[in-house]
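What follows is the residue order along each chain.
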Amino acid sequence: MLPTNRPFGQKFNRPNQSSVLAKPNFNRPRGLLNRYTRPGPQSISKNNDLSKLRIIPLGGQEEVGRNMTIFEYGQDIVILDMGMQFPEEDMPGIDYIIPDIRYLQGKEKNIRAVILSHGHLDHIGAVPHILPKLGWPAVYSTKLTLALVRKRLEESQQNRFLKAYEIKSTKEQFTFGNIRVNFFDVTHSIMDAVGVVIQTPVGNIIHPGDWRYDFDPVNGRQTDFSHLAQWNTRVTPSILMMESLGSTKEGHQMSELEVYRNTKQIIEKAPGRIIIATFSSMVERVGWIINMAEQLGKKVALDGYSMKMNIEIAKKIGYVKFKPNTMVDIKRIHDYPDNKIVVICTGAQGEDRAVLMRIANGEHRYLKIQKTDTVIFSSSVIPGNERTIQRVKDMLYRQCTDVIHKEIMDVHGGGHALMDDIKLLIRQIKPKYLIPVYANHYLLKEAGKVAMSIGFPPANIFYLDNGSVAEVSTAGTKVLAQKIPIEYVFVDGLGVGDISQVVLRDRQILSNDGMVVIIVTVDGKTGKLVGSPDIVSRGFIYMKDNKKLIDETRHKIKDILKVTETAKGVNDVYLKDKLRNDLGLFLFQKIERRPMIIPVIIEI
């Protein structure tokens, strides 16, 4: 652990690390960095003086996920989180998206620390990609979060490079150059979440990360943020950066103890097997479900790679405890009476190959749904997954009597604060300024409305986009008109530099209208067609049922080739463009579809 008793403002000097931003890293983990261009200015002036603190979000301000924020004071940079974002519907084939870190190019030696607020992938998922490119700056986080990071780095064979410092207590304080950082406990849907207070002489940033209140927890103390009011003083005002995902939902977030009681009641009364689908990151909930089953004399089977991995990690570090004979392999559930089995699995979002979907559609190797089974969705609906979740619910309702979810019983309390929680947070912390974060833009604006409804001054609320620069000085806080350029950075398989806006557009065309491959053999001297053109359709039409259209297309190809015949030989580029354009227009006029047309010219 680094010493914490250095005078405020004294720099922590670690060895300069060479930049790898400009060089390809051929030993990088699975995936590739590519950019989907968005318009934006190309540069912004340097922040060399100690009169201004800059806050620059690289992600998380226009979407849910990809959370990463830079705090830059003079020559010192502290980074909060390095998350990933799942692809949107118009990004076929993309695995996930990570933040664009070009702003940090040339500033690697100024990065004093990377702080990770908690272990969800939207906060740590980009670590294997970004840390190597920044020269492996030191990472600070709590025990469970670091364990999950190490596991992710092991998968990409990079764990040996990690320089990690465990935050053992929220009473610890670290000095990073002229920036001092304190921590505070945060309630969220994963254990070991922490908030940060970033201290500078011009302002104190209070950032809870993802947060909620729990006034009646299963274990531990009630959530209380009132002690954070101390950071707002006349000399050094506080800026609350408040995660705002629940800003349109009224009330307080449900207590975990209520979820505990309802789940226990279901497990006690269920006539047969109990199948509980939840997020693998909800380690604390999975832990008390296991303990609950243990007390009732039931056996527990875990299924799903991430579920097994997270509970194994949590058990190893002592966060989950149970008797060895409580757990059974999913293969052995038939060795016990149905009313003695609890299965905890992944797939609560209806993912195609996740465990619950395989159970629902009869593809699971060891578990087939029975009428007496009870299925519990112990999760919320992530926006965008409504249809897939409904599909898996319908399949389960057809096969068993009891399917229980949040719409009919309180079996899940979300990890994000609601409107009344936001009001309470602002009243407890009493910040001078407010910056809503970590949500779509409309949710940030709604969070601002909630704050204004209790009298918070509108002039003191700031809304940032990805790439916006908020500047804090003794004169106040403002958002600069100029932004840093931010683009989508795609991770897609093992490709290197091959995903761009053009490639995405091609994938969208293929997914919508398919493709047609035209293979023609021509005389190399005259350009005259030899034989009959071959046509291959994939995702466009079924050729056996559309012989007339295929014949008409073949005649059209012949007509195009007659026009292009020349004594000067074959011009491949011209001929391909002619086939692509003329056939595209022809097919659209016939059936109003625009397939991708791929001409193949064979010269003899």
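Keep in mind it's a predicted model, so treat the numbers as computed, not measured.

A.B. asks: Would you mind going over the packing of aromatic side chains with me for this structure?
C.D. replies: To describe a pair of aromatic rings, one takes the distance between the centres and the angle between the planes. Tallied over the entire structure, the rule returns 13 aromatic pairs. Through a chain of ring-to-ring contacts, three or more aromatic side chains come together here, namely Tyr140, Tyr165, Phe174, Phe176 and Phe183. Seen from the ring of Tyr463, Lys445 lies directly overhead, with NZ or CZ sitting 5.2 Å from the centre.

A.B. asks: Explanation requested: the pairing of strand S14 (residues 274-278) in the structure shown.
C.D. replies: Side chains on a regular strand alternate between the two faces of the sheet. Among the 5 residues that make up S14, 5 are buried, leaving the element largely enclosed by the rest of the structure. Taking every second residue as pointing to the same face, both faces of S14 are buried, with Ile274, Ile276 and Thr278 on one and Ile275 and Ala277 on the other. Pairing analysis gives 4 bridges linking S14 to strand S16 (residues 341-345), with the strands arranged parallel. Bridge pairing in S16 places Ile274 opposite Val342.

A.B. asks: Even after reading the chapter, I still don't get helix H8 (residues 386-399), so can you show me in this structure?
C.D. replies: Note on helix geometry: an α-helix contains 3.6 residues per turn, so any two residues three or four positions apart are oriented the same way. In a regular helix each residue adds 1.5 Å, so 14 residues correspond to 20 Å; H8 covers 20 Å between its end C-alpha atoms and thus fits that length. Among the residues of H8, those classed as buried are Ile389, Val392, Lys393 and Leu396. Buried residues of H8, seen end-on, are gathered within an arc of 105° and therefore sit on one face of the element. Structural note: H8 exposes Arg387 and Arg398 on the side pointing more than 90 degrees away from its buried face. Buried residues along H8 sit against helix H7 (355-360), strand S17 (374-378) and strand S18 (402-404).

A.B. asks: In this structure, what is going on with the sheet that holds strand S21 (residues 476-479)? I would like to understand it.
C.D. replies: A sheet is described by the order of its strands in space; here 8 strands give the open sequence S8-S7-S6-S4-S3-S2-S20-S21, paired in mixed fashion. In this open sheet, the two strands that pair with only one neighbour each are strand S8 (164-166) and S21. Between one strand and the next, the sheet's axes are offset by a mean angle of 20°, whatever the strand orientation. Here 5 bridges tie strand S3 (residues 68-73) to strand S4 (residues 76-80), and the two strands are oriented antiparallel to one another. Note on S4: the bridge partner recorded for Ile70 is Ile79. Contacting strand S7 (139-141) and S8, helix H3 (residues 143-155) runs over the sheet at an angle of about 155° to S8.

A.B. asks: Would you mind going over the pairing of strand S6 (residues 111-115) with me for this structure?
C.D. replies: Taking burial as the measure, the 5 residues of S6 include 5 buried ones, the bulk of the element. Bridge count between S4 and S6: 4 bridges; the pairing is parallel. Residue pairing in the sheet places Val78 in a bridge with Ala113 of S6. Judged from the 2 bridges that link them, S6 and S7 form a sheet pairing that is parallel. In the sheet register, Ile115 faces S7, and the bridge partner there is Tyr140.

A.B. asks: Which parts of the structure should I look at to understand the side chain of His118?
C.D. replies: Looking at the element boundaries, His118 is found in the loop between S6 and helix H1 (121-124). Given a relative accessible area of 0%, His118 falls into the buried group. A distance of 3.1 Å separates a polar atom in the side chain of His118 from a polar atom in the side chain of Ser117. A polar side-chain atom of His118 sits 3.4 Å from a polar atom in the side chain of His120. Among all residues touching His118, those that are not within four sequence positions of it are His123, Ile124, Thr145, His188, Ile190, Ala193 and Asp210.

Analysis parameters
- Residues numbered from 1 in each chain as written.
- Predicted model: local features only at pLDDT ≥ 70, side-chain atom pairs only at ≥ 80, totals over all residues.
- Heavy atoms only, no water.
- Phe/Tyr/Trp six-rings, centres within 6.5 Å; stacked < 30°, edge-to-face > 60°.
- Lys NZ or Arg CZ within 6 Å of the ring centre and 35° of its normal.
- Buried < 20%, exposed > 50% of the residue type's maximum accessible area, 1.4 Å probe, protein only.
- Helix = DSSP H or I, 4+ residues; strand = E, 2+ residues; numbered from the N terminus.
- Pairing = 2+ DSSP bridges.
- Expected span 1.5 Å × (residues − 1).
- Arc of directions from axis to C-beta.
- Contact = heavy atoms within 4.5 Å.
- Axes fitted to C-alpha atoms, helices over the stretch in contact; angles between N-to-C directions.
- Polar contact = N/O pair within 3.5 Å; in protein donor to acceptor, adjacent residues only side chain to side chain.

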